[in-house]
Amino acid sequence: MTTAADAINLRDSFKAYDVRGIVGETITAETVRAVGAAFVDVLGLAGQTVLVGGDMRPSSPEFIEAFAEGATRRGGNVQRIGLISTDMLYYAAGVEQAAGVMFTASHNPAAYNGMKMAKAGAVPVSSDTGLYEIRDVAQGYLDAGEIPAADAQGSVTESDILTGYAEYLRSLVDLSGIRPLKVVVDAGNGMAGKTTPAVLGGEVLEALPLEITPLFFELDGTFPNHPANPLEPENLRDLQRAVVEHGADIGLAFDGDADRCFVIDEQGEPVSPSAVTALVARREIARAKASGEETPVIIHNLITSRAVPELVSADGGRAVQTRVGHSFIKAVMASEGAVFGGEHSAHYYFRDFFNADTGMLAAMHVLAALGEQDGPLSTLGAEYEPYVASGEINSQVEDKDAAVAAVLARFAPQAADGGESGTAVEDAVAGTSTSVLRMDGTTVSAADGSWWFNLRPSNTEPFLRYNGEAKDRATMETVRDAVLAIVRAPR
């Protein structure tokens, strides 16, 4: 192995849930080869199938090859599944009951690549379930300069899972009988450019009553049109214009590895991920109840609109709140036997999809709900958005704890560790009693349910992330501005 590889510290690229690094700097073919070997060692995969695929980034083919070399050297039988979306890996890991890795950096810029790992059954590999052990074993191989060969080295085979993936999703949501819909899909030059024609189009299976207008379906990991990150509003502009120009019923935007999906209505306006969560939750509760399930469980993270647990309860389900992050969601999905889970970041999890997240299946549920009734998406979506949300707002703050303490002193003096109550914020919120939840940051909620906000520190950057919601725009803006003024004040 090279001196450059020996100098790489894998702690720079191994995060809590996955691996992300700059190609040629913090992630190289040599480091990937070592990770492939460690993946087999730590998960005990000698003699077993190891799924390996990747997205359209220029470095993915080289990394797939390197990972296969390391994995087979330690005895894993590599099944190369080619050019895939992340949820295609989860599909294969679930159906074949095999562990695997997906090479992607999701929505990160072109200079990045990384790995998302899953155990058999699509169980996530995170810092709590083996990821850091894989890192440390791989670092040992790098430091030693060699990967010892197993007594019985593994084999390499290839397979194409696209048709099986498309058939599986179509078995979960039947779109064949909906009214005809005009759909604009922005793939952002990412993997949805491959999966959309297979699942929603007629290239692999029979055609559906969908007229699809493609935007940026060419697979190109340099992202020549816009970053493949629909969470940023500016990256939705092309889709919003196209929906209006084509008179479409709906627009769909996927991120680079196509595990997240964002929805645009016929007026070019975003439908919030919380509204999508509520809409899909209603469908999944009804389906589970029809199968005899008495009180279906729905998972939502603490940033999701309060409309979600309210609707779940009204429909006879049970809502369970959890932290932000896919490993937490998937763990609670499994422990609670939940039928569905949603996050504010447009990750959607399904029990029928091995408790894993898939943007395409969520999109199919929205298409089904829209196509089973005659009204426009703007009207349908409004049913699930009774509150006004701020969206996520970042503030650069060095002393995050001090900023949060100052906010609590103003909004929740009873929880501010003895802080002064301060002056009233505004008439709209002055004198309102509050409750405080310390889960994944700090959430302050008005006792009368009229507003709430969450301050969540970034683990990697000097940011406090603000999310809030209120019964009306004036209250939302009042609370938002007051909190941000405190957070951003010099101290």
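Up top is the structure.
*Asks:* Please clarify how the pairing of strand β22 (residues 463–470) should be interpreted in this entry.
*Replies:* Side-chain positions along a regular strand alternate between the two faces of the sheet. With 7 of 8 residues buried, β22 is to be regarded as a mostly interior element. The sheet contact formed by strand β17 (residues 388–389) and β22 spans 2 bridges and is antiparallel. Bridge pairing in β22 places Ala389 opposite Glu469. Across 4 bridges, the pairing between strand β18 (residues 393–396) and β22 is antiparallel. Each bridged residue has a counterpart across the sheet, and for Ser395 the counterpart in β22 is Leu464.

*Asks:* Would you mind showing me how to read the sheet that holds strand β15 (residues 348–350) here?
*Replies:* Spatially, 5 strands are ordered β13-β12-β14-β15-β16 in an open sheet, and the strand pairing comes out mixed. Each edge of the sheet is formed by a strand with only one pairing partner; in this case those strands are β13 (318–322) and β16 (356–357).

*Asks:* I would appreciate a short explanation of the packing of helix α6 (residues 162–172) against helix α12 (residues 359–371) in the present structure.
*Replies:* For any two helices packed against each other, one specifies the crossing angle of their axes together with the interaxial distance. Where α6 meets α12, the closest approach of the two axes is 10 Å, and the angle between their N-to-C directions is 40°. For the element pair α6 and α12, the recorded crossing hand is right-handed. Contacts between α6 and α12 involve Tyr165, Leu169, Arg170 and Leu172 from the former and Met360, Leu361 and Met364 from the latter. In terms of residue class, the contact of α6 with α12 is built from 6 nonpolar, no polar and 1 charged.

Cut-offs applied
- Residues numbered from 1 in each chain as written.
- Predicted model: local features only at pLDDT ≥ 70, side-chain atom pairs only at ≥ 80, totals over all residues.
- Heavy atoms only, no water.
- Buried < 20%, exposed > 50% of the residue type's maximum accessible area, 1.4 Å probe, protein only.
- Helix = DSSP H or I, 4+ residues; strand = E, 2+ residues; numbered from the N terminus.
- Pairing = 2+ DSSP bridges.
- Axes fitted to C-alpha atoms, helices over the stretch in contact; angles between N-to-C directions.
- Left-handed = near helix turned anticlockwise from the far one by under 90°.
- Contact = heavy atoms within 4.5 Å.
- Nonpolar A, V, L, I, M, F, W, Y, C, P; charged D, E, K, R; others polar.

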